[in-house]
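Architecture and fold: a report
Below are the chains, spelled out letter by letter.
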Amino acid sequence: MSWELLLWLLALCALVALVVQLLRFLRADGDLTLLWAEWQGRRPEWELTDMVIWVTGASSGIGEELAYQLSKLGVSLVLSARRVQELERVKRRCLENGNLKEKDILILPLDLTDRSSHEAATKVVLQEFGKIDILVNNAGRAQRSLVVETSLDVFKELIELNYLGTVSLTLCVLPHMIERKQGKIVTVNSLLGIISAPLCTGYCASKHALRGFFNCLRTELATYPGIVVSNICPGPVQSNIVKNSLVGESKSKYIKGDLRKSKEPSSFVEPAPSSLTIVVDTDQSHKMATSRCVRLMLISMANDLKEVWITYQPFLLITYLWQYMPTWAWWLTNKLGKKRIENFKNGLDADISYFKFWKTKHD
């Protein structure tokens, strides 16, 4: 075999490998580091067993699913949220389907906006289990409204809950982890903590603030290598987060339920600032299954990844553009943002149209 033929074969192999990796990226549902950890990294079943894990926002959505999957790993669980009845329901299902006993699960009602209660709540956990290995900051709320139609109270509420409440609880738990020189602080952020999109100005601000805070905290804890600070950034996930989003004072009047403009005066409902919620019945099959999102979160926790992006295309590609090619990202976001606003005004999920050509199914 001549050297020329060998070089041609090597070039062909390199081209095939590049095409294969491109196809894998187009079907990816997480950033490349995360997917590598899923393939070659440590398993949650090996790394998280026997840990005490405190999950906020555990009454629904990602927090609820996280409780179910953790209950099968032999951990001790602290479940916190405002709705005690929902927490009890989650606990019962954990006991029915998991590997835990009654003594392994603590129901701890918690309101993140009541910052004066966080120190006492932390003491309750330490008295019950003696330690906190992982704090999962999951509680929060979204927003769906144009900035010119949004009351300042909405922005204040989002910052109080999503940012200040999360920081306050972290500051209560952190001294315990520093004393033990180990622990994991896992914060469920959002892709909107990296990129920006219309209809989410207050939400984006709170999530960008969280990302900045925890990235700075990680550097300050460099002398404690046993303390891991992780940002989890999911994209659209099947949950009620859109349904329960905050909206502002709208200058338009919409039908309560699907936000479509009505010609009948009797069906008009005037939205109230910060207290009104969006109720949009729409197919969520284009969004990532909550179980898949949580599985990737557990892989991130097991492998001590500092930041992970969990989403389908095209959002994964857009996030990479925001990270490495921001000028292109701005151009693309402006184009897609117009459609997002149009979907919102028509009573549709704001992101549904992006999945017309990119749609991956995961159980």
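The structure contained in this document is the topic of the report that follows.

What counts and what doesn't
- Numbering of residues begins from 1 in every chain and follows the order in which that chain's sequence is written.
- With the structure being a predicted model, the display of local features is reserved for residues of pLDDT at least 70 and the display and counting of side-chain atom pairs for 80 or more, all residues being used for whole-chain, interface and lining totals.
- By convention in this description, side-chain values take in all heavy atoms of the structure and omit both hydrogens and water.
- Secondary structure follows DSSP: runs of H or I at least 4 residues long count as helices, runs of E at least 2 residues long count as strands, and numbering of each begins at the N terminus.
- Here the expected span of a helix is defined as 1.5 Å times the quantity of residues minus one.
- Three exposure classes are used, based on accessible area relative to the maximum for each residue type with a 1.4 Å probe and protein chains only: buried under 20%, partly exposed in between, and exposed over 50%.
- Salt bridges are counted wherever a side-chain nitrogen of Lys or Arg sits within 4 Å of a carboxyl oxygen of Asp or Glu.
- When the centres of two rings from Phe, Tyr and Trp lie within 6.5 Å, Trp using its six-membered ring, the rings pair. Their planes under 30 degrees apart give stacked, over 60 give edge-to-face, and anything left gives tilted.
- Like-charged residues are merged into a patch within 9 Å and nonpolar side chains (Val, Leu, Ile, Met, Phe, Trp, Tyr) within 5 Å, provided each residue has over 30% relative accessible area and no salt bridge.
- To measure how exposed things are, a 1.4 Å probe is used in the Shrake-Rupley method; for residues, cover is taken only from the protein chains shown.
- Here, any two strands with at least 2 DSSP bridges between them count as paired.
- Handedness is read with the strands pointing away from the viewer; a crossover is right-handed when the path from the first strand over the helix to the second is clockwise.
- Lines are fitted to the C-alpha atoms to define the axes, a helix being fitted only along its stretch in contact, and any angle between axes, read from their N-to-C directions, falls within 0 to 180 degrees.
- Angular relationships are summarised with four words: roughly parallel below 35 degrees, roughly antiparallel beyond 145, roughly perpendicular across 65 to 115, and oblique for the angles in between.
- For a crossing to be left-handed, the near helix must be turned anticlockwise from the far one by less than a right angle; the clockwise case is right-handed.
- Here, two residues are considered to be in contact whenever any of their heavy atoms come within 4.5 Å of each other.
- Put simply, buried Ala, Val, Leu, Ile, Met, Phe, Trp, Tyr and Cys residues joined by side-chain atoms within 4.5 Å make one nonpolar core.

In a regular helix each residue adds 1.5 Å, so 13 residues correspond to 18 Å; helix α9 (residues 290–302) covers 18 Å between its end C-alpha atoms and thus fits that length. Across the 13 residues that make up α9, a large majority, 11, are buried. Of the residues one or two after α9, aspartate 304 is the one with positive phi, at around 55°.

Turning next to the pattern of salt bridges. Evaluated as defined, the whole model comprises 16 salt bridges. One salt bridge in this structure joins arginine 115 and glutamate 160, with 2.5 Å as the shortest N-O distance. You can see arginine 115 sitting in the loop between β3 (105–107) and α6 (118–129) and its partner glutamate 160 sitting in helix α7 (residues 152–180), a full 45 residues away along the chain. On the basis of relative accessibility, which here comes to 29%, the residue glutamate 160 falls in the partly exposed class. Through salt bridges with shared partners, a single ionic network connects Arg42, Glu47, Lys184 and Asp304.

The subject of this paragraph is the packing of aromatic side chains. Using the criterion set out here, one finds 6 aromatic pairs in the structure. Here the aromatic rings of tyrosine 163 and phenylalanine 213 are separated by 6.4 Å at their centres, their planes lie at 85°, and the arrangement is edge-to-face. Of this pair, tyrosine 163 sits in helix α7 while phenylalanine 213 is found in helix α8 (residues 201–220), placing the two residues 50 residues apart along the sequence. Residue classification places phenylalanine 213 among the partly exposed positions, given a relative accessible area of 21%.

On the surface, Leu5, Trp8, Leu9, Leu12, Leu15, Val16, Leu18, Val19, Val20, Leu22, Leu23 and Leu26 cluster together into a nonpolar patch covering about 1100 Å² of accessible area. As for its position among the elements, leucine 15 is in helix α1 (residues 3–26).

Right, let's get into the pairing of strand β5 (residues 183–188). Regular strands place their side chains on alternate faces of the sheet. Burial within β5 is extensive, with 6 of its 6 residues counted as buried. Of the two faces of β5, both are covered, the one formed by Gly183, Ile185 and Thr187 as well as the one formed by Lys184, Val186 and Val188. By the bridge criterion, 4 bridges tie strand β4 (residues 134–137) to β5 in an arrangement that is parallel. Each bridged residue has a counterpart across the sheet, and for leucine 135 the counterpart in β5 is isoleucine 185. Chirality of the crossover, the property in question, places the unit of β4, α7 and β5 among those that are right-handed. As defined by bridge partners, β5 adjoins strand β6 (residues 227–234) across 6 bridges and the pair is classed as parallel.

What follows concerns the packing of α7 against α8. Put simply, α7 and α8 touch, their axes get as near as 7 Å, and they point 20° apart. The orientation of α7 with respect to α8, classified from their angle, is roughly parallel. In terms of crossing hand, the pair formed by α7 and α8 is right-handed. Contacts from Phe155, Leu158, Ile159, Asn162, Tyr163, Thr166, Val167, Thr170, Leu171 and Leu174 in α7 reach Thr201, Gly202, Tyr203, Ala205, Ser206, Lys207, Ala209, Leu210, Phe213, Phe214 and Leu217 in α8.

By secondary structure assignment, the location of serine 300 is in helix α9. Discounting chain neighbours no more than four positions away, the residues touching serine 300 are Leu34, Ile232, Leu305 and Val308.

So, on to the sheet that holds strand β7 (residues 307–310). If you trace the 7 strands from one edge of the open sheet to the other, you get β3-β2-β1-β4-β5-β6-β7, paired in parallel fashion. A single partner strand is all that each edge strand has here, and the edge strands are β3 and β7. Each adjacent strand pair in this sheet contributes to an overall mean axis angle of 15°, direction not counted. As judged from the 4 bridges shared by β6 and β7, these two strands associate in the parallel manner. In the sheet register, asparagine 231 faces β7, and the bridge partner there is glutamate 307. With respect to the sheet, α9 is in contact with β4, β5, β6 and β7, its orientation differing from that of β7 by roughly 165°.

Counting 41 residues, the largest nonpolar core has Ile53, Leu70, Leu77, Leu79, Val136 and Ile310 as its most contacted members. Excluding its chain neighbours within four sequence positions, the residues that come into contact with leucine 77 are Ile53, Val55, Ala67, Leu70, Ser71, Cys94, Leu100, Asp104, Ile105, Leu106 and Phe129. Ala121, Ile132, Leu161 and Leu217 belong to the second largest nonpolar core, which has 27 residues in total.

Among the structural elements, glycine 202 can be located in helix α8. Linking glycine 202 and serine 145, residues 57 residues apart in sequence, is a C-alpha distance of 9.3 Å. With sequence-adjacent residues up to four places away left out, glycine 202 is seen in contact with Gln143, Phe155 and Leu158.

Don't take any of this as a statement about function, it's just geometry.
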